[in-house]
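Residue-level structure breakdown
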Amino acid sequence: MKTIGLVLVSFAALAQAVPQAGGFGSSTMLRFGCSQIVIDRIDPLVNPDQLPSPHMHQVVGGDMFNVTIPSADIGNMAKCTTCSYSDDFSNYWTANLYFKARNGSYKRVPQIPNRLLFGDQFTTKTTGGFVVYYVSDGKNMVTAFKPGFRMLTGDANQRAKIGSGKKSQSCFRCYNGPNFGGDNAAPCADAKLDTEELPKGQCQGIRSNVLYPTCWDGVNLDSPDHKSHVAYPSNGPATFTGFSTGGKCPSTHPVKIPQIMLEIVWDTRQFNNKAEWPADGSQPFVLSTGDKTGYGQHGDYVFGWKDNSLQKAMDSGAGCMGASCGGLKTQANAPAADCKVPVRYPENFDGWIDTLPGMTE
Ligand SMILES: *[C@@H]1O[C@H](CO)[C@@H](O)[C@H](O)[C@H]1NC(C)=O
Ligand SMILES: *[C@@H]1O[C@H](CO)[C@@H](O)[C@H](O)[C@H]1NC(C)=O
């Protein structure tokens, strides 16, 4: 492996993530960076119309993001997006990460661009934000989401391991080599590298992967808990095997949808002074939900690809990889980073703060 370049090692490692595909060549995997569009205390999926929502989020994607997002076809209403695929006006959001110093003050941990893969420069130069994946086993194997579709994965209130011997659809990896090394194995697939809890030791950076369900009931664009219209396959990834595109869908949710995965990299280097870590030896990072465990990491999604661009991409087969796929339109970093929405609930989220936004401690 040593003689192979970094990109090829990564490629091979990712290939292992989709074993059902019979080789990486036949799968479709969009992987693209999106700059941050806003950090704000609103949540148009779980808390529509509520200003402020209970906790802070980091958001990427199209400029229809607001206190509520209409169920209409936002892919044809939005004017700009922070993603490199410029027809993707969807919104994706997750919790932020904060460092809690020994004196009790908090500071937000910045997100940094992801590593180079498939020659994709955009993703290595995003402003904040994170990487989005859409994966399927190959040509014509998934049904793309419909306008108005939205879903939630994870539970902001979760604070303990779910089930026994099973892993959730969220994992963290401690980057502890130089230059954020240690990231060449597929996410949530390595029991030694990946944890469901926030890493306990010091890291260069912490990577968070959030994997959404891959089965849909074929009828409902949303559901009261934003989860029950979708499901994970009956045979995975209740186990921690990374992508679950090959899993069989349950009869209640027979329609296979693309697997969306978010990949966030938090730069923790400035927070590695042990004198500032808790005296009891525990780790100092906390999600914006007040969660020190990491089990409450969650991801929200509101679909917003223009017309049938996502379906076309997912159906285009082996030529669709990374940030270059068949006829999908792309944009440069500058216009993507210029796409912004106003902060609807202005508050201090980047200086030292006494309590987490929306929390009592
Ligand atoms: C955002 O939502 C607010 C309140 O619902 C509304 O007044 C405002 O017009 C919306 N902004 C945009 C750009 O749609
Ligand atoms: C708490 O500690 C941090 C890190 O040393 C420091 O920057 C911050 O100003 C302190 N906050 C207070 C309220 O003293």
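Quick note: structure is the one above.
A quick note: this is a predicted structure, and the numbers were derived from the prediction, not measured.

**Here we look at the overall build of the chain**
Of regular secondary structure, the chain possesses three helices and 19 strands. By the burial criterion, 56% of the 361 residues in the chain qualify as buried. At a minimum sequence separation of 6, the contacts of the chain that also span at least 24 residues come to 77%. Approximately 13,900 Å² of the chain is accessible, and the part contributed by carbon and sulfur atoms is 55%.

**Quick notes on the side chain of histidine 55**
Within the element layout of this structure, histidine 55 appears in the loop between strand E2 (36-40) and strand E3 (57-61). Histidine 55 sits in the buried class, given a relative accessible area of 10%. Within the local environment of histidine 55, its side chain forms a polar contact with the side chain of histidine 57, the two groups lying 3.1 Å apart. Of the polar contacts made by the side chain of histidine 55, one reaches the side chain of histidine 298; its length is 3.3 Å. For histidine 55, the residues in contact, after removing those within four places along its chain, are Arg41, Ala156, Ser288, Thr289, His298, Pro357 and Met359.

**Notes on the side chain of glutamine 259**
Mapped onto the elements, glutamine 259 comes out in strand E15 (residues 259-267). On the accessibility criterion, glutamine 259 (0% relative accessible area) is buried. At 2.7 Å, the side chain of glutamine 259 forms a polar contact with the backbone oxygen of tyrosine 212.

**Some thoughts on the sheet that holds strand E4 (residues 91-95)**
Two orientations exist for strands paired in a sheet by backbone hydrogen bonds: parallel and antiparallel. Taken in spatial order, the five strands line up as E2-E3-E4-E17-E8 in an open sheet, and their pairing is antiparallel. Among the strands making up the open sheet, the edge pair consists of E2 and strand E8 (150-153). Mean inter-strand twist for the sheet, computed between neighbouring axes without regard to direction, equals 15°. By the bridge criterion, four bridges tie E2 to E3 in an arrangement that is antiparallel. Across the sheet, the residue bridging to isoleucine 39 is glutamine 58, located in E3.

**Examining the packing of aromatic side chains**
A complete count under the given rule lists 21 aromatic pairs for this structure. Between phenylalanine 32 and tyrosine 85, the ring centres sit 5.0 Å apart and the planes meet at 70°, which makes this aromatic pair edge-to-face. You can see phenylalanine 32 sitting in strand E1 (residues 28-34) and its partner tyrosine 85 sitting in the loop between E3 and E4, a full 53 residues away along the chain. Of the two residues, phenylalanine 32 and tyrosine 85, neither departs from the other in class, the shared state being buried. Both rings, one in phenylalanine 145 and one in phenylalanine 303, keep their centres 6.1 Å apart while their planes meet at 50°; by these two values the pair is tilted.

**Comments concerning the environment of phenylalanine 122**
Tracing the sequence through the fold places phenylalanine 122 in the loop between strand E6 (106-108) and strand E7 (130-136). Separated by 38 residues in the primary sequence, phenylalanine 122 and serine 84 place their C-alpha atoms 6.7 Å from one another. Those residues in contact with phenylalanine 122 that lie beyond four places of it in its chain are Gly33, Cys34, Thr82, Cys83, Ser84, Gln331, Ala332, Asn333 and Ala336.

**Considering the state of the cysteines**
The full count for this structure, using the stated rule, is six disulfides. The partner cysteine of cysteine 80 in its disulfide is cysteine 339, sulfur to sulfur 2.1 Å. A torsion of 75° about the S-S bond marks the disulfide between cysteine 80 and cysteine 339 as right-handed. Note that cysteine 80 is positioned in the loop between E3 and E4 and cysteine 339 in the segment after helix H3 (333-338), a separation of 259 residues in sequence. Taking relative accessible area as the criterion, cysteine 339 reaches 2% and is therefore assigned buried. Cysteine 174 shares a disulfide with cysteine 203; S-S distance 2.1 Å. Because the torsion about its S-S bond is -120°, the bridge between cysteine 174 and cysteine 203 counts as left-handed.

**Topic: the sheet that holds strand E13 (residues 230-231)**
Spatially, three strands are ordered E13-E12-E14 in an open sheet, and the strand pairing comes out antiparallel. Both edges of this open sheet fall to E13 and strand E14 (255-256), since each of them pairs with a single strand only. The sheet contact formed by strand E12 (residues 215-216) and E14 spans two bridges and is antiparallel. Residue pairing across strands places cysteine 215 opposite lysine 256, the latter belonging to E14.

**Some remarks on the site of ligand 2**
Close to ligand 2 lie Ala101, Asn103, Ser105, Glu276 and Trp352, which account for all nearby residues. Residue asparagine 103 places a side-chain N or O atom 2.4 Å away from an oxygen atom belonging to ligand 2. For ligand 2, a nitrogen atom lies 3.0 Å from a polar atom in the side chain of serine 105. When isolated, ligand 2 has an accessible area of 360 Å², and the protein chains bury 49% of it. The class makeup of the residues in the shell around ligand 2 is two nonpolar, two polar and one charged.

Here is what the cut-offs are and how they apply
- Residues numbered from 1 in each chain as written.
- Chains lettered and ligands numbered in written order.
- Predicted model: local features only at pLDDT ≥ 70, side-chain atom pairs only at ≥ 80, totals over all residues.
- Heavy atoms only, no water.
- Helix = DSSP H or I, 4+ residues; strand = E, 2+ residues; numbered from the N terminus.
- Buried < 20%, exposed > 50% of the residue type's maximum accessible area, 1.4 Å probe, protein only.
- Contact = heavy atoms within 4.5 Å.
- Areas by Shrake-Rupley, 256 points an atom, 1.4 Å probe, with all protein chains shown as cover.
- Polar contact = N/O pair within 3.5 Å; in protein donor to acceptor, adjacent residues only side chain to side chain.
- Pairing = 2+ DSSP bridges.
- Axes fitted to C-alpha atoms, helices over the stretch in contact; angles between N-to-C directions.
- Phe/Tyr/Trp six-rings, centres within 6.5 Å; stacked < 30°, edge-to-face > 60°.
- Disulfide = S-S within 2.5 Å.
- Near = heavy atom within 4 Å.
- Nonpolar A, V, L, I, M, F, W, Y, C, P; charged D, E, K, R; others polar.

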